[in-house]
Amino acid sequence: MAGAALSPTPVLAQAKVMRIIVPYAAGGPIDATARLMAERVKDSLGTVIIENKPGGGGNIGVDAIAKAQPDGLTVGISAVATHAINPWLYSKMPYNASTDFAPITQMVRVPNVLVMNADTARRLNINTLADLIKYAKANPAKLNYASGGNGSAGHLAGEMFKARAGIFALHIPYNGGNPAQLALLSGQVDYNFDNLATASANIKAGKLKALAVTTAQRSAMLPDVPAVAETLKGFEIDTWWGLVAPAGTPKDVVAKLNHAFVAALNSPEAKTRFATLMAEPVGSTPEQFGAFMKSELAKYEKVVKASGAKVD
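### Structural notes on helix α5 (residues 80-89)
Piece 1. Among the 10 residues of α5, seven are classified as buried, and the element is accordingly described as predominantly covered.
Piece 2. Within the span of α5, buried status applies to V80, T82, H83, A84, I85, N86 and L89.
Piece 3. Looking at the buried residues of α5, the elements they touch are α4 (59-66), β3 (74-79), β4 (101-117), α8 (153-165), β9 (238-246) and α13 (286-307).

So, in structure tokens, the structure goes:
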């Protein structure tokens with residue numbers, strides 16, 4: 001063992017502290033995932049600290065990942081907003097989502113769910129997604145939906161739904177997901193697309209009626225709730241995040257990081273914790289995650305441009 005202590009220091013040395021940059025504030029589900037992963041990989045990668053760099057819709061923190069040394073000691077979170085939506089939403093981006101990163105692995109996906117205010121659903125006699133579409137077609141512009149802001153995932157899911165269903169509903173943007181949910185709960189708006197982690201407690205309490213999940217198949221978290229795709233073929237949109245390193249990080253280092261983090265994602269402890277966040281772990285190869293991010297970027301180009309949303 002004494003000889004091991006004197007051996008040359010590898011790139012991912014136990015002696016060096018690694019950091020995960022989280023481009024959002026502490027306390028949310030993305031931050032919680034990063035902290036869980038930091039705890040689970042310390043035996044294989046050494047001490048890992050979390051550095052929260054919120055702001056700019058996630059762009060500030062992600063730019064810091066892009067500009068870090070490609071030595072395997074700085075990695076960070078990529079998310080649907082930062083790597084698929086923001087490049088089309090912001091007229092000026094500090095980083096290139098396609099070329100400035102080395103994918104490591106997708107971490108999780110969280111199903112989004114179309115929820116109605118339960119009292120509104122009862123009053124309008126809407127029990128299914130087909131009922132909602134039928135009502136909207138018979139009563140043009142009578143329905144409205146909330147989102148956490150122009151260009152947010154909820155806004156884009158709502159616009160995608162309207163286009164595919166051939167209906168019109170008024171979009172009402174709020175300053176964040178919480179105010180949007182409060183507006184729905186108080187009956188100021190009729191429906192919204194929320195992530196399951198946020199909506200689940202109010203669904204269970206009977207305050208919100210879940211009509212459909214937006215993943216391609218039903219979610220194990222809500223097995224009785226159909227997927228939108230069962231009514232509107234091919235509809236699929238969900239919230240995801242993963243890990244990336246700066247472009248130029250050596251392939252063997254990326255492979256080692258992938259191995260450590262995928263093992264952590266598949267640990268029983270992680271799966272139990274993810275279940276409380278209503279998140280489904282997705283361990284993938286760097287190549288799979290890279291291809292996935294590329295396809296998401298292409299998908300959202302059409303959605304964002306069709307919505308007309310712009311931040312600056």
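### Observations regarding the pattern of salt bridges
Piece 1. Going through the model one piece at a time under the given rule, you end up with 12 salt bridges.
Piece 2. Between R19 and E51 there is a salt bridge whose closest N-O contact spans 3.0 Å. Of this pair, R19 sits in strand β1 (residues 18-22) while E51 sits in strand β2 (residues 48-52), placing them 32 residues apart in sequence.
Piece 3. The partly exposed category is assigned to E51, whose relative accessible area is 23%.
Piece 4. R218 is paired through a salt bridge with E230; the nearest N and O atoms lie 2.9 Å apart. Of the two residues, R218 is situated in the loop between β8 (208-213) and β9 and E230 in the loop between β8 and β9; the sequence distance between them amounts to 12 residues.
Piece 5. A residue is classified by how much of its surface remains accessible, and R218, at 43% relative accessible area, is partly exposed.
Piece 6. The exposure class assigned to E230 is partly exposed, which follows from its relative accessible area of 47%.
Piece 7. Linked by salt bridges that have partners in common, R19, E51 and K53 make up one network.

### Observations concerning the nonpolar core
Piece 1. If you look at the biggest cluster of nonpolar residues, it comprises 53 residues, and the most contacted ones within it are I20, M37, I77, V113, I203, F261 and F274.
Piece 2. Ignoring anything within four residues of it in the chain, the contact list for F274 reads T33, L36, M37, V108, L265, A279 and P281.

### As for the confidence of the model for the protein chain
Piece 1. This prediction gives the protein chain a mean pLDDT of 91; 95% of its residues lie at or above 70.
Piece 2. Confidence drops under a pLDDT of 50 for residues 1-10, and excluding neighbours within four residues, the segment shows zero contacts in the predicted structure.

### Quick word on the side chain of Q181
Piece 1. Position of Q181 among the secondary structure elements: in helix α9 (residues 177-185).
Piece 2. Excluding its chain neighbours within four sequence positions, the residues that come into contact with Q181 are N192, D194, T198, A199, N202 and L208.

### A short note on the layout of surface pockets
Piece 1. Here the largest pocket is characterised by a volume of approximately 1200 Å³.
Piece 2. Top contributing element to the lining of the largest pocket by residue count: α5, with five residues.
Piece 3. Residue composition of the lining of the largest pocket, grouped by class: 23 nonpolar, 20 polar and two charged.

### A few points about the pairing of strand β5 (residues 144-147)
On a regular strand, each side chain points to the face opposite its neighbour's, so the side chains alternate between the two faces of the sheet.
Piece 1. Of the two faces of β5, the one lined by N144 and A146 and the one lined by Y145 and S147 are each fully buried.
Piece 2. Sheet topology note: the β5/strand β6 (residues 170-173) ladder contains four bridges and is parallel. By the bridge assignment for β6, N144 is matched with L170.
Piece 3. In this region the chain leaves β5, passes through α8 and returns to the parallel neighbour β6; the handedness of that crossover is right-handed.
Piece 4. Relative to strand β7 (residues 191-195), β5 runs parallel, the two sharing two bridges. Note on β7: the bridge partner recorded for A146 is N192.

### Description of the packing of aromatic side chains
Piece 1. Summed over all chains, the structure comprises seven aromatic pairs.
Piece 2. Ring geometry for Y145 against Y191: centres 5.5 Å apart, planes inclined by 15 degrees, an arrangement best described as stacked. Of this pair, Y145 sits in strand β5 while Y191 is found in strand β7, placing the two residues 46 residues apart along the sequence.
Piece 3. On the accessibility criterion, Y145 (0% relative accessible area) is buried.
Piece 4. On the basis of an interplanar angle of 85 degrees and a centroid distance of 6.3 Å, the ring pair of F161 and Y191 is categorised as edge-to-face. Taken as a pair, F161 in helix α8 and Y191 in strand β7 lie far apart in primary sequence, 30 residues in all. Taken individually, F161 and Y191 each receive the classification buried, so the pair is uniform in this respect.
Piece 5. Put simply, the rings of Y145, F161, Y191 and F193 touch in pairs and so form one group of aromatic residues.

Definitions and cut-offs
Residues numbered from 1 in each chain as written. Predicted model: local features only at pLDDT ≥ 70, side-chain atom pairs only at ≥ 80, totals over all residues. Heavy atoms only, no water. Buried < 20%, exposed > 50% of the residue type's maximum accessible area, 1.4 Å probe, protein only. Helix = DSSP H or I, 4+ residues; strand = E, 2+ residues; numbered from the N terminus. Contact = heavy atoms within 4.5 Å. Salt bridge = Lys/Arg side-chain N within 4 Å of Asp/Glu carboxyl O. Core = buried A, V, L, I, M, F, W, Y, C linked by side-chain atoms within 4.5 Å. pLDDT = per-residue confidence, 0-100. 1 Å grid on protein atoms, 1.4 Å probe; cavity = no way out; pocket = protein on both sides within 12 Å on 5 of 7 lines; lining within 4 Å. Points joined across faces, edges and corners; volume = space filled by probe spheres on them. Nonpolar A, V, L, I, M, F, W, Y, C, P; charged D, E, K, R; others polar. Pairing = 2+ DSSP bridges. Right-handed = clockwise from strand over helix to strand, strands pointing away. Phe/Tyr/Trp six-rings, centres within 6.5 Å; stacked < 30°, edge-to-face > 60°.

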